[in-house]
Each structure stands twice: as structure tokens, then as C-alpha cells.
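# Architecture at a glance
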Amino acid sequence: MSDASGATATWAAINRARKAGRYPFYCRITGQPAAGEVFVEGLRAINAASGDYLGLAADPRVREAAAAAARDLGASCSGSPVVIGTWSVHAQLAEELADFLHRPAVLLATTGFQANLTLACLFGEDRAVIADRHIHASLVDALRLGAAKHRRFRHNTPRHLARLLEEASGQGLSPVVLTEGAFSLGGELAVLPEIADLAGRHEGMLIVDGAHDIGVLGPSGRGAGEHLGCEQKIDVLSGTFSKAFGAGGGYIAGSTELIEHCRAFGQATIYSASMPPPTAAAALTALRIIRDEPEQRAVLARLADRLHDGLAELGYARPHWASPIVTLPAGDADRCLRTWQAMLKAGVFAAPFLPPAAPPGQSLLRLSITAAHTEAHIDHILEVVGHLLPTTDITGAAAEPIPCPA
């Protein structure tokens, strides 16, 4: 099925779901009755659609930091970082984040998507950007905005990356390798040691989006690079405060020269208003908690293990690491949306992914575990999955994890 016909089929399924009262997007959240739970369109459910991996969005210290900044500094900077939008709270956040990530400098952005768009200023005509096929849409858009020639290597396939790097070198172009640390849909880890070695062998720049692993992975929480023992081989980190930090905004971390270049030429940041002071204050407090209190990472790891153990008992293959992100096959688009609604009525709020966001002809349901969940939450999720998504019913055999879409 072509991308165009796949999108048409998806849109038709969405319209049918809308008419049937099971439209799954832009749902109205009206409250949080308990940690790890939400009211969704009037229904109480376990929140398994959130990227708040450490549960910090509701941490009283994070909330109070945001409230205090709103009282003292206001709700907005009302201007770009170049003119009026660099306040002391931003400078403190950038300084402490750079120290935490062991990087010389950090640039802040209003969103993680915007941070990745800012990377476009690094993609000049003299470069060849070689990106994993499963990178986030924000990185895809950065490639389109940049002037560099760009190619995509097969997901997590160093051999294909090596061939494309050879081609770039043969054309006299300076290579840039672009990947995520932990991928946003399937939760799988990039094979960073092999990727980093290949980038270094070709004197290329390695950029890693750590949106879903910084704060979660590594002994100190510095992400997939630390977890896999290759963080110093990563030249540039990008990320967001909207996931493990439980706040908002994004960042790029790298050398002083690189960050100064982004500050001078990164139009996505230069011409956008800065992070609101309450958001920056919340992110700063969350950063200190992540740095000083590894307990939440341990809680998250234990709950993720419990979920994967339970899924293995249901017939799903266990991945190489217990990611807090789980993506399950859900049949075609119509069936996926019916299952999503049934799960919500059963008390589990999940995230549906339909083509073209999912592979052609397939639809997926993503579950995200956070440290705000309890063992009872995990057990209920497993009960609902076992009832509504039996592996033999979807595939005819024990299911393998579904890869991220190409």
C-alpha cells in the first residue's frame, strides 16, 4: 500500500471512529484522581499514554517551583532569547544541564521539537546527514530545512550505515550521523557503540536525540550513551524536558563553538519566544531531582520489568531491555480504534498509532510506564491487554515486538 493510499485508508477509519464516538485524538483530560491516573472524557483510567517517565510532572517540588516563578517572574518572557528571553532562571538551567550532561554548553528551546529543528543550521551544503529511518518527525523536518544532502540507513543497521558513510566520504562530504538513543515508538535502544565507532572512523559528527532516555537510563541518568558506555563519543545531544523531566521545553548540548553557532544561526530558536519562566523553573527543579535522587529510576525500572515479565507470559517476546515504552500490534486501523476505546472503558488510556505513523497495513497501541504507577496499575494493564490483545488473535502466532515505522 502506498503512503497516499495508506493515509486515505487511515483517514476513512478515523472518520468512522469519530461517527461511532471513539475518536482517540485530542482527548480532553479533566483531572488526575490519583498518581498515574487521569480522567479522560469523563472516564477514570490508568494513564499509559504519558511520557512523564519519572512522575515528576506532579512532584510537589516541581509544581511549587513553577508556581513560585509564575508569581515572581510572570507567565511569559514575551520575547525571543536573543532580545528579552534570557533570564537568570534560563541561564541557571543551561549551566546545570551542561554540567549534568558533561557538555561544555547548552542551548535552550521552547519545545523539544523546536530544539531539533534548530539542528538544521548544522546541516550545511558541505555535509551529508545519514539518519536512522525511524527518527522522530522533528528530526525529519530538520533534514528538510537543512542544506545538506541526506540519506536514511536501515533502522539500527550499522552495515548499511557504513556503506552510506563510505559513499559520503567518496563524495568529499563531511558526514553527520543522526539517531535517537531510545526510539520513541518502540522504545528500543540504538546500537550506539557500533554507530559511534563508525561515525568516528569517518571523522563524522554524531548527533543523538535523547528525548526518551535522558533521565531514564544510565547510572547517573544521562541516557543511552552513558548506559551503553559510549557517551563521550556523542558530539551533540538534543532532548526535551517534557518527558522524564515532567516539565516543558527542549535543549541542545555540545561544544561551546557548536552551541554559539546554533545561537547565531538556529532560526527555530532565534525567532521564537523563550521558555516561560515557570517552565524553566520546573525543569531546573526536575533536573536537580534526577541528578540527586536515582530512586525514581529504580522504581521505573522495577515496574517496567514487571510489565515485560507479564507480557512475556502472555506470549509477547521480551526485548533486550525493559523499556518503559511498549508497542503492541492492534490489527487494522478500525480494529485498533475499537480496541483503544475498549481499553479506555476498561480503565487503561493508551496511545494509538495508525499508518503512516505506523507501518503500512498495521496499527499499534503504545503503552508508557511511569514511576507514578503502582504494581496494581501494571497488573491491571496486563489483565486488559491479555483480554483485548491476545497474541494469537492478532497474528495467529506468538507476537514479536513491532518495529517503529520506516
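One structure accompanies this document, and this report is about it. Note that the structure is a prediction, hence the values are computed from the model and not measured.

Turning to the sheet that holds strand 3 (residues 43–47), a few remarks are in order. One open sheet accounts for four strands, arranged 1-2-3-12; its pairing is mixed. With partners counted over all chains shown, the strands left at the sheet margins are strand 1 (29–31) and strand 12 (348–349), one partner each. As defined by bridge partners, strand 1 adjoins strand 2 (residues 37–40) across two bridges and the pair is classed as antiparallel. Note on strand 2: the bridge partner recorded for Ile29 is Val40.

Right, let's talk about the packing of aromatic side chains for a bit. Applying the stated criterion to the full structure yields three aromatic pairs. Ring geometry for Tyr23 versus Phe25: centroids 5.6 Å apart, planes at 85 degrees, classification edge-to-face. Centre to centre, the rings of Phe241 and Phe245 are 5.1 Å apart; their planes meet at 90 degrees, and the pair counts as edge-to-face. Relative accessible area serves as the criterion here: at 0%, Phe245 is assigned to the buried category.

Note on helix geometry: an α-helix contains 3.6 residues per turn, so any two residues three or four positions apart are oriented the same way. The first and last C-alpha atoms of helix 3 (residues 88–101) sit 20 Å apart over 14 residues, in line with the 20 Å expected at 1.5 Å per residue. Within the sequence span of helix 3, burial applies to Val89, His90, Leu93, Ala94, Glu96, Leu97, Ala98, Phe100 and Leu101. Taken from the residues just after helix 3, His102 is the one with a positive phi, measuring 60 degrees.

Pairing is antiparallel in the open sheet, where three strands are placed in the order 11-14-13. Two strands in the sheet have a free side with no partner beyond their single neighbour: strand 11 (325–329) and strand 13 (351–353). Sheet twist, expressed as the average angle between the axes of neighbouring strands with direction ignored, equals 30 degrees. As defined by bridge partners, strand 11 adjoins strand 14 (residues 364–368) across five bridges and the pair is classed as antiparallel. Note that in strand 14 the partner of Thr327 across the bridge is Arg366.

What counts, and where the lines are drawn
Numbers given for residues are sequential positions, taken from 1 along each chain in its written order. Reporting of local features is limited, given that this is a predicted model, to residues whose pLDDT is at least 70; pairs of side-chain atoms are given and counted only at 80 or more, and all residues count toward the totals for whole chains, interfaces and linings. Based on all heavy atoms of the structure, the side-chain values leave hydrogens and waters out of the count. Here the rule is simple: two strands pair whenever DSSP picks up at least two bridges between them. In this description a helix means any DSSP run of H or I spanning at least four residues, a strand means any run of E spanning at least two, and both kinds are numbered starting from the N terminus. The rule is short: rings of Phe, Tyr and Trp, with Trp giving its six-membered ring, pair when the centres are within 6.5 Å, and they are stacked under 30 degrees, edge-to-face over 60, tilted in between. Any residue under 20% of the maximum accessible area for its type is buried, any over 50% is exposed, and the rest in between are partly exposed; the area is computed with a 1.4 Å probe on protein chains only. By definition here, a helix of n residues has an expected span of 1.5 Å times n minus one. Each axis is a line fitted through C-alpha atoms, and for a helix only the stretch in contact is used; angles between axes span 0 to 180 degrees, taken between their N-to-C directions.

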